Amino acid sequence: MDEIRKRAKELLENQTAKVVIGYGEGTAGKTRAVFIRKPEDTGQLIFDDRCEQNLAVYLLKHEVKHLGKLAIIATIPVMRTILQVASELQLTENDVVILGITPEKNLIELEGFKSVEDYLKTQDVGIRKEDKELLTKLTSLSLEEKWAYWEEELSRCIKCYACRAACPMCYCLRCFVEVNQPQWIPIAPNDLGNMEWHLLRAMHLAGRCINCGECGRACPVDIPIHLLTFKGVEDVHTDFNVVAGMNATMESVLSSFKPDDKETFIR
Ligand code: SF4
Ligand code: SF4
(Lines give C-alpha, C1' and ligand atoms only; values in the text may rest on other atoms or scores of the structure.)
(Ligands and ions follow the chains in the order given, each with its own letter.)
Protein backbone atom coordinates (compact mmCIF):
# COMPACT_ATOMS: atom_id res chain seq x y z
CA MET A 1 0.00 0.00 0.00
CA ASP A 2 2.82 2.39 0.91
CA GLU A 3 4.46 1.68 -2.43
CA ILE A 4 1.25 2.59 -4.30
CA ARG A 5 0.84 5.83 -2.34
CA LYS A 6 4.49 6.77 -2.85
CA ARG A 7 4.37 6.19 -6.61
CA ALA A 8 1.04 8.00 -6.97
CA LYS A 9 2.47 10.96 -5.07
CA GLU A 10 5.51 11.09 -7.35
CA LEU A 11 3.36 10.99 -10.48
CA LEU A 12 1.20 13.87 -9.26
CA GLU A 13 4.15 15.91 -7.99
CA ASN A 14 6.09 15.68 -11.23
CA GLN A 15 2.87 16.18 -13.25
CA THR A 16 3.27 12.89 -15.13
CA ALA A 17 -0.38 12.33 -14.24
CA LYS A 18 -3.10 14.80 -13.37
CA VAL A 19 -5.26 12.27 -11.58
CA VAL A 20 -4.72 8.82 -10.11
CA ILE A 21 -7.71 6.48 -10.20
CA GLY A 22 -7.55 3.98 -7.37
CA TYR A 23 -9.41 2.42 -4.46
CA GLY A 24 -10.29 4.15 -1.19
CA GLU A 25 -12.33 3.31 1.89
CA GLY A 26 -16.06 3.47 1.27
CA THR A 27 -18.94 2.92 3.66
CA ALA A 28 -20.11 -0.26 5.42
CA GLY A 29 -16.66 -1.80 5.12
CA LYS A 30 -16.69 -1.52 1.32
CA THR A 31 -14.18 0.16 -0.94
CA ARG A 32 -14.93 2.77 -3.58
CA ALA A 33 -13.20 4.37 -6.52
CA VAL A 34 -11.21 7.50 -5.66
CA PHE A 35 -9.83 10.14 -8.00
CA ILE A 36 -6.72 11.63 -6.43
CA ARG A 37 -5.62 14.95 -7.87
CA LYS A 38 -3.33 16.33 -5.16
CA PRO A 39 -0.11 14.71 -3.87
CA GLU A 40 -1.23 15.32 -0.27
CA ASP A 41 -4.35 13.19 -0.84
CA THR A 42 -2.54 10.02 -1.90
CA GLY A 43 -2.87 8.67 1.66
CA GLN A 44 -6.48 7.86 0.73
CA LEU A 45 -5.32 5.11 -1.61
CA ILE A 46 -5.68 1.55 -0.37
CA PHE A 47 -5.36 -1.90 -1.86
CA ASP A 48 -6.58 -5.13 -0.28
CA ASP A 49 -8.76 -8.16 -1.04
CA ARG A 50 -11.89 -6.01 -1.20
CA CYS A 51 -10.54 -4.04 -4.17
CA GLU A 52 -12.29 -5.96 -6.90
CA GLN A 53 -14.09 -3.29 -8.92
CA ASN A 54 -12.88 -2.88 -12.49
CA LEU A 55 -11.72 0.73 -12.30
CA ALA A 56 -11.17 0.91 -16.04
CA VAL A 57 -14.87 1.73 -16.36
CA TYR A 58 -13.88 5.35 -15.60
CA LEU A 59 -11.13 5.66 -18.21
CA LEU A 60 -13.42 6.66 -21.07
CA LYS A 61 -15.82 8.83 -19.10
CA HIS A 62 -15.84 12.36 -20.45
CA GLU A 63 -15.75 13.96 -16.98
CA VAL A 64 -12.65 11.91 -16.06
CA LYS A 65 -10.84 12.23 -19.39
CA HIS A 66 -11.04 16.00 -19.33
CA LEU A 67 -9.03 16.07 -16.06
CA GLY A 68 -5.86 15.36 -18.06
CA LYS A 69 -3.46 12.47 -18.18
CA LEU A 70 -4.65 9.58 -16.05
CA ALA A 71 -2.83 7.04 -13.93
CA ILE A 72 -4.75 3.97 -12.81
CA ILE A 73 -4.32 1.19 -10.30
CA ALA A 74 -4.53 -1.75 -12.66
CA THR A 75 -5.45 -5.24 -11.59
CA ILE A 76 -5.48 -7.88 -14.34
CA PRO A 77 -9.08 -7.08 -15.45
CA VAL A 78 -8.14 -3.39 -15.66
CA MET A 79 -5.09 -4.21 -17.80
CA ARG A 80 -7.22 -6.34 -20.09
CA THR A 81 -9.84 -3.61 -20.41
CA ILE A 82 -7.13 -1.13 -21.33
CA LEU A 83 -5.86 -3.37 -24.15
CA GLN A 84 -9.37 -4.08 -25.38
CA VAL A 85 -10.48 -0.43 -25.52
CA ALA A 86 -7.14 0.43 -27.14
CA SER A 87 -7.85 -2.17 -29.84
CA GLU A 88 -11.19 -0.39 -30.34
CA LEU A 89 -9.27 2.87 -30.83
CA GLN A 90 -10.67 4.48 -27.67
CA LEU A 91 -7.36 4.88 -25.80
CA THR A 92 -3.69 5.36 -26.64
CA GLU A 93 -0.53 4.67 -24.68
CA ASN A 94 -0.13 8.39 -24.08
CA ASP A 95 -3.48 8.64 -22.29
CA VAL A 96 -2.69 6.50 -19.27
CA VAL A 97 0.01 5.48 -16.79
CA ILE A 98 -0.55 1.87 -15.77
CA LEU A 99 0.25 1.09 -12.14
CA GLY A 100 -0.09 -2.67 -12.34
CA ILE A 101 -0.99 -4.77 -9.31
CA THR A 102 0.01 -8.42 -9.42
CA PRO A 103 -2.22 -11.12 -7.90
CA GLU A 104 0.28 -11.07 -4.99
CA LYS A 105 -0.58 -7.35 -4.54
CA ASN A 106 2.80 -6.07 -5.67
CA LEU A 107 3.11 -2.87 -7.67
CA ILE A 108 4.58 -3.13 -11.16
CA GLU A 109 4.76 -0.24 -13.56
CA LEU A 110 4.09 -1.33 -17.10
CA GLU A 111 5.55 0.91 -19.79
CA GLY A 112 3.42 0.82 -22.92
CA PHE A 113 0.83 -1.63 -24.14
CA LYS A 114 3.41 -4.17 -25.34
CA SER A 115 4.66 -4.68 -21.79
CA VAL A 116 1.05 -5.20 -20.63
CA GLU A 117 0.55 -7.78 -23.39
CA ASP A 118 3.75 -9.59 -22.35
CA TYR A 119 2.78 -9.52 -18.68
CA LEU A 120 -0.73 -10.87 -19.34
CA LYS A 121 0.72 -13.81 -21.29
CA THR A 122 2.24 -14.98 -18.00
CA GLN A 123 -1.02 -14.72 -16.05
CA ASP A 124 -4.18 -16.78 -15.62
CA VAL A 125 -6.92 -14.78 -17.34
CA GLY A 126 -9.51 -17.55 -17.39
CA ILE A 127 -13.02 -17.54 -15.97
CA ARG A 128 -13.09 -18.05 -12.19
CA LYS A 129 -13.59 -21.61 -10.99
CA GLU A 130 -17.01 -20.99 -9.40
CA ASP A 131 -18.34 -19.31 -12.55
CA LYS A 132 -16.84 -22.02 -14.75
CA GLU A 133 -18.71 -24.64 -12.73
CA LEU A 134 -22.00 -22.77 -13.11
CA LEU A 135 -21.42 -22.32 -16.84
CA THR A 136 -20.69 -26.01 -17.31
CA LYS A 137 -23.87 -26.87 -15.44
CA LEU A 138 -25.92 -24.47 -17.56
CA THR A 139 -24.35 -25.63 -20.81
CA SER A 140 -25.31 -29.22 -20.02
CA LEU A 141 -29.02 -28.29 -19.90
CA SER A 142 -31.33 -28.84 -22.87
CA LEU A 143 -32.31 -25.81 -24.96
CA GLU A 144 -35.73 -25.71 -23.30
CA GLU A 145 -34.20 -25.89 -19.82
CA LYS A 146 -31.69 -23.11 -20.63
CA TRP A 147 -34.51 -20.90 -21.93
CA ALA A 148 -36.58 -21.57 -18.82
CA TYR A 149 -33.57 -20.78 -16.59
CA TRP A 150 -32.95 -17.40 -18.24
CA GLU A 151 -36.66 -16.58 -18.48
CA GLU A 152 -36.92 -17.09 -14.74
CA GLU A 153 -33.73 -15.14 -13.92
CA LEU A 154 -34.43 -12.25 -16.28
CA SER A 155 -38.03 -11.90 -15.13
CA ARG A 156 -36.51 -10.36 -11.96
CA CYS A 157 -34.62 -7.68 -13.92
CA ILE A 158 -35.81 -4.18 -12.99
CA LYS A 159 -33.95 -2.52 -15.89
CA CYS A 160 -31.88 -0.38 -13.58
CA TYR A 161 -28.91 -0.73 -15.99
CA ALA A 162 -26.38 -1.07 -13.16
CA CYS A 163 -24.81 -3.95 -15.12
CA ARG A 164 -24.28 -1.63 -18.07
CA ALA A 165 -22.97 1.22 -15.89
CA ALA A 166 -20.43 -1.10 -14.24
CA CYS A 167 -19.21 -2.62 -17.50
CA PRO A 168 -16.06 -1.01 -18.90
CA MET A 169 -16.95 -2.26 -22.37
CA CYS A 170 -20.39 -0.59 -22.38
CA TYR A 171 -19.07 2.84 -23.27
CA CYS A 172 -21.41 3.89 -26.11
CA LEU A 173 -22.59 7.46 -25.59
CA ARG A 174 -26.07 6.40 -26.64
CA CYS A 175 -27.05 2.82 -25.88
CA PHE A 176 -29.66 1.10 -28.06
CA VAL A 177 -31.94 0.90 -25.02
CA GLU A 178 -32.30 4.68 -25.09
CA VAL A 179 -33.14 4.83 -28.79
CA ASN A 180 -36.87 5.40 -29.22
CA GLN A 181 -37.15 5.91 -32.97
CA PRO A 182 -37.55 3.04 -33.47
CA GLN A 183 -38.14 1.82 -29.92
CA TRP A 184 -35.87 -1.23 -29.87
CA ILE A 185 -36.99 -2.53 -26.52
CA PRO A 186 -39.76 -1.51 -24.11
CA ILE A 187 -38.78 1.02 -21.42
CA ALA A 188 -40.59 -0.72 -18.57
CA PRO A 189 -39.38 -4.14 -17.44
CA ASN A 190 -41.37 -7.02 -18.87
CA ASP A 191 -40.49 -10.59 -19.76
CA LEU A 192 -39.99 -10.16 -23.50
CA GLY A 193 -38.29 -6.75 -23.22
CA ASN A 194 -35.92 -7.99 -20.53
CA MET A 195 -34.91 -10.92 -22.70
CA GLU A 196 -34.36 -8.61 -25.69
CA TRP A 197 -32.24 -6.21 -23.65
CA HIS A 198 -29.95 -8.89 -22.27
CA LEU A 199 -29.59 -10.89 -25.48
CA LEU A 200 -28.72 -7.76 -27.45
CA ARG A 201 -26.22 -6.68 -24.82
CA ALA A 202 -24.64 -10.13 -24.81
CA MET A 203 -24.24 -9.96 -28.59
CA HIS A 204 -22.64 -6.52 -28.35
CA LEU A 205 -20.13 -7.93 -25.88
CA ALA A 206 -19.27 -11.11 -27.77
CA GLY A 207 -15.53 -11.00 -28.45
CA ARG A 208 -15.18 -7.89 -26.27
CA CYS A 209 -16.07 -9.06 -22.74
CA ILE A 210 -12.94 -9.47 -20.64
CA ASN A 211 -14.71 -11.65 -18.02
CA CYS A 212 -14.19 -9.28 -15.10
CA GLY A 213 -17.60 -10.21 -13.62
CA GLU A 214 -18.39 -6.62 -12.75
CA CYS A 215 -21.89 -6.69 -14.33
CA GLY A 216 -22.92 -9.63 -12.15
CA ARG A 217 -21.54 -8.01 -8.98
CA ALA A 218 -23.40 -4.77 -9.77
CA CYS A 219 -26.84 -6.35 -10.13
CA PRO A 220 -29.00 -5.35 -7.14
CA VAL A 221 -31.27 -8.37 -7.54
CA ASP A 222 -28.44 -10.90 -7.90
CA ILE A 223 -29.10 -12.05 -11.44
CA PRO A 224 -25.92 -13.89 -12.56
CA ILE A 225 -25.92 -11.76 -15.71
CA HIS A 226 -22.17 -12.15 -16.21
CA LEU A 227 -22.76 -15.78 -17.16
CA LEU A 228 -24.42 -14.70 -20.41
CA THR A 229 -21.37 -12.76 -21.59
CA PHE A 230 -19.00 -15.38 -20.14
CA LYS A 231 -20.65 -17.90 -22.47
CA GLY A 232 -19.75 -15.53 -25.29
CA VAL A 233 -16.16 -15.46 -24.01
CA GLU A 234 -16.00 -19.26 -24.18
CA ASP A 235 -17.66 -19.51 -27.59
CA VAL A 236 -15.46 -16.85 -29.15
CA HIS A 237 -12.42 -18.65 -27.82
CA THR A 238 -13.61 -22.03 -29.12
CA ASP A 239 -14.79 -20.79 -32.52
CA PHE A 240 -12.23 -18.10 -33.30
CA ASN A 241 -9.36 -18.83 -30.92
CA VAL A 242 -9.56 -15.24 -29.66
CA VAL A 243 -9.45 -13.93 -26.10
CA ALA A 244 -10.44 -10.30 -25.64
CA GLY A 245 -8.16 -7.86 -23.85
CA MET A 246 -4.87 -9.55 -24.62
CA ASN A 247 -3.72 -7.44 -27.53
CA ALA A 248 -3.96 -3.70 -28.13
CA THR A 249 -4.07 -4.08 -31.92
CA MET A 250 -6.51 -6.97 -32.19
CA GLU A 251 -9.23 -6.74 -34.84
CA SER A 252 -12.81 -6.99 -33.68
CA VAL A 253 -13.91 -10.62 -33.92
CA LEU A 254 -17.50 -10.04 -34.99
CA SER A 255 -16.93 -7.09 -37.30
CA SER A 256 -13.89 -8.12 -39.31
CA PHE A 257 -13.44 -10.77 -41.97
CA LYS A 258 -10.90 -12.04 -44.47
CA PRO A 259 -11.94 -12.35 -48.12
CA ASP A 260 -10.23 -15.75 -48.23
CA ASP A 261 -12.21 -17.09 -45.27
CA LYS A 262 -12.84 -20.82 -45.63
CA GLU A 263 -16.57 -20.24 -45.12
CA THR A 264 -18.19 -19.49 -48.46
CA PHE A 265 -20.98 -17.26 -47.09
CA ILE A 266 -18.44 -14.46 -46.59
CA ARG A 267 -17.69 -14.12 -50.33
S1 SF4 B 1 -17.82 -9.43 -17.32
FE2 SF4 B 1 -19.56 -8.05 -17.48
S3 SF4 B 1 -18.73 -6.08 -16.80
FE4 SF4 B 1 -16.95 -7.34 -17.28
S5 SF4 B 1 -16.47 -6.84 -19.43
FE6 SF4 B 1 -17.82 -8.65 -19.42
S7 SF4 B 1 -19.87 -7.84 -19.70
FE8 SF4 B 1 -18.56 -6.14 -19.03
S1 SF4 C 1 -28.20 -4.77 -12.98
FE2 SF4 C 1 -29.59 -6.53 -12.79
S3 SF4 C 1 -31.63 -5.62 -12.53
FE4 SF4 C 1 -30.28 -3.99 -13.28
S5 SF4 C 1 -30.56 -4.06 -15.55
FE6 SF4 C 1 -28.78 -5.34 -15.07
S7 SF4 C 1 -29.62 -7.42 -14.84
FE8 SF4 C 1 -31.37 -5.98 -14.72
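J.: Lay out the packing of helix α8 (residues 191-205) against helix α10 (residues 226-240) in plain terms, naming residues and giving numbers.
T.: Where α8 contacts α10, the two axes come as close as 9 Å, and the packing angle between them is 35 degrees. The hand of the α8/α10 crossing is right-handed. Residues His198, Ala202 and Leu205 of α8 form the contact with α10, whose participating residues are Leu228, Thr229 and Gly232. Tallied by class, residues from the contact of α8 with α10 come to three nonpolar, three polar and no charged.

J.: With reference to specific residues and values, describe helix α4 (residues 112-121).
T.: For α4, the set of buried residues is Phe113, Val116 and Leu120. For α4, the angular spread of buried residues about the axis comes to 55 degrees, placing them on one side. Exposed and facing more than 90 degrees away from the buried side of α4 are Gly112, Asp118 and Lys121. The inward-facing, buried residues of α4 contact α3 (76-87), β4 (96-101) and β5 (107-110).

J.: Report on the site of ligand 2, specifying residues and quantitative values.
T.: Taken together, Cys157, Ile158, Lys159, Cys160, Tyr161, Ala162, Cys163, Ala218, Cys219, Val221, Ile223 and Ile225 form the complete shell of residues around ligand 2. Residues belonging to the shell around ligand 2 are distributed by class as follows: eleven nonpolar, no polar and one charged.

J.: I'd like to hear about the sheet that holds strand β2 (residues 31-36), residue by residue, with values.
T.: The strand order β2-β1-β3-β4-β5 describes an open sheet built from five strands, whose pairing is mixed. Where the open sheet ends on each side, the last strands, each with one partner, are β2 and β5. Going across the sheet, the axis of each strand differs from the next one's by a mean of 30 degrees, ignoring polarity. Pairing of β4 with β5 involves four bridges; the strand directions are antiparallel. Considered in β5, the bridge of isoleucine 98 is made with leucine 110. Helix-sheet contacts for helix α1 (residues 2-13) involve β1 (19-25), β2, β3 (70-74), β4 and β5, and the interaxial angle to β1 is about 150 degrees.

J.: Before we move on, can you summarise the site of ligand 1 with the specific residues and values?
T.: Looking at ligand 1, there are 14 residues lining it, with Cys167, Cys209, Cys212, Glu214 and Cys215 nearest. Among the secondary structure elements, those contributing two or more residues to the shell around ligand 1 are α9 (214-218) and α10. Split into classes, the residues belonging to the shell around ligand 1 amount to nine nonpolar, four polar and one charged.

J.: Tell me about the packing of α3 against α4, residues and numbers included.
T.: One way to put it is that α3 packs onto α4 with a least axis distance of 10 Å and a crossing angle of 130 degrees. Taken together, the axes of α3 and α4 lie oblique to each other. Crossing handedness for the pair α3 and α4: left-handed. Between α3, through Met79, Arg80, Ile82, Leu83 and Ala86, and α4, the contact on the second element is made entirely by Phe113, Val116, Glu117 and Leu120.

J.: Please provide a residue-by-residue account of the domain arrangement of the protein, values included.
T.: Taken domain by domain, the protein consists of domain 1 (2-121) and domain 2 (129-242). When each unit is reduced to the centre of its C-alpha atoms, the spacing between domain 1 and domain 2 is 27 Å. Each side of the interface is counted separately: domain 1 has ten residues, and domain 2 has nine residues. Here the residues of the side of domain 1 that touches domain 2 are counted per class, giving four nonpolar, five polar and one charged.

Thresholds applied
Residues numbered from 1 in each chain as written. Chains lettered and ligands numbered in written order. Predicted model: local features only at pLDDT ≥ 70, side-chain atom pairs only at ≥ 80, totals over all residues. Axes fitted to C-alpha atoms, helices over the stretch in contact; angles between N-to-C directions. Helix = DSSP H or I, 4+ residues; strand = E, 2+ residues; numbered from the N terminus. Left-handed = near helix turned anticlockwise from the far one by under 90°. Contact = placed C-beta atoms within 7 Å. Nonpolar A, V, L, I, M, F, W, Y, C, P; charged D, E, K, R; others polar. Buried ≥ 20, exposed ≤ 12 C-beta atoms within 10 Å, placed from the backbone. Arc of directions from axis to C-beta. Near = placed C-beta within 6 Å. Pairing = 2+ DSSP bridges. Parallel < 35°, antiparallel > 145°, perpendicular 65-115°, else oblique. Domains from an automatic or database assignment.

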